[in-house]
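A look at the structure
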Amino acid sequence: MNKILIVGAGREGSLENAYFRAFKKIENISVDLFDTSKQARYGGSGVISRIAARLILPISYRDARNRFRRFLSHQKNLYNVILICKGAEFPRPFLEHCRLLQPSAIWANIN
């Protein structure tokens, strides 16, 4: 069975979620969605929320990278195809390290 991992925002209406739902309908394909949008958020408006967002965003990206690295390192999570959607939180050196954790997977970055 082919296994596909979609990495991106799991919010309803997102492109990643649309891919996830479409692939789930295909027989003989197992598809998982790694949700990078599970980040710390500051609820507010105006200047304070913009300042908080700038402070929280780097921490959220680091958290997403740590969760993704742990997810890929589990032996049960071996994939044939890994699709990274809008991977701003994953710099190239980090993705190179992740490719070593899933050496047989085909990687694609969708922006």
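See the structure shown above.
To start, this report covers the structure provided alongside it. (Residues numbered from 1 in each chain as written. Predicted model: local features only at pLDDT ≥ 70, side-chain atom pairs only at ≥ 80, totals over all residues. Heavy atoms only, no water.)

**A few points about the sheet that holds strand β1 (residues 2–8)**
Taking strand neighbours across the sheet as the criterion, the four strands line up as β2-β1-β3-β4 in an open arrangement whose pairing is parallel. Because the sheet does not close on itself, it has two edges, and the strands there are β2 (29–35) and β4 (106–110). Ignoring strand direction, the axes of neighbouring strands in this sheet form an average angle of 15°. (Pairing = 2+ DSSP bridges. Helix = DSSP H or I, 4+ residues; strand = E, 2+ residues; numbered from the N terminus. Axes fitted to C-alpha atoms, helices over the stretch in contact; angles between N-to-C directions.)

**Focus: a nonpolar patch on the surface**
A contiguous nonpolar patch, built from Val47, Ile51 and Leu55 and spanning about 300 Å² of accessible area, is present on the exposed surface. Checked against the element boundaries, Leu55 lands in helix α2 (residues 46–73). (Patch = residues over 30% accessible without salt bridge, like charges linked within 9 Å, V, L, I, M, F, W, Y side chains within 5 Å. Areas by Shrake-Rupley, 256 points an atom, 1.4 Å probe, with all protein chains shown as cover. Salt bridge = Lys/Arg side-chain N within 4 Å of Asp/Glu carboxyl O.)

**Thoughts on the pattern of salt bridges**
This structure, assessed with the given rule, holds four salt bridges. Across the salt bridge formed by Asp63 and Arg67, the nearest N and O atoms sit 3.3 Å from each other. Here Asp63 pairs with Arg67, and both are found in helix α2, just four residues apart, close to one helical turn. Given the relative accessible area of 33%, Asp63 is considered partly exposed. Note on Arg67: relative accessible area 19%, which makes it buried. (Buried < 20%, exposed > 50% of the residue type's maximum accessible area, 1.4 Å probe, protein only.)

**Here's the deal with the packing of aromatic side chains**
What describes a pair of aromatic rings is the distance from one ring centre to the other and the angle between the planes of the rings. Scanning all chains against the criterion turns up seven aromatic pairs. Between Tyr19 and Phe23, the ring centres sit 6.5 Å apart and the planes meet at 25°, which makes this aromatic pair stacked. With Tyr19 and Phe23 both in helix α1 (residues 15–24) and four residues apart, this pair spans about one turn of that helix. Given a relative accessible area of 30%, Tyr19 falls into the partly exposed group. Ring centres 5.5 Å apart and planes at 50° place the aromatic pair Phe34 and Phe71 in the tilted group. In this pair, Phe34 sits in strand β2 while Phe71 sits in helix α2, placing the two residues 37 residues apart along the sequence. Classification of Phe34 as buried rests on a relative accessible area of 7%. In this structure Phe71 comes out as partly exposed when scored by relative accessible area, which is 23%. (Phe/Tyr/Trp six-rings, centres within 6.5 Å; stacked < 30°, edge-to-face > 60°.)

**What about the side chain of Gln102?**
On the secondary structure map, Gln102 appears in the loop between α3 (92–101) and β4. Once residues within four sequence positions are removed from consideration, Gln102 is found in contact with Leu72, Asn77, Leu78, Tyr79, Ile82 and Trp107. (Contact = heavy atoms within 4.5 Å.)

**Things to note about α3**
Listing the buried residues of α3 in full gives Phe94, Leu95 and Cys98. Viewed end-on, α3 has its buried residues packed into an arc of 95°, placing them on one side of the element. Facing away from the buried surface of α3 by more than 90 degrees, the exposed residues are Arg92, Pro93 and Leu100. (Arc of directions from axis to C-beta.)

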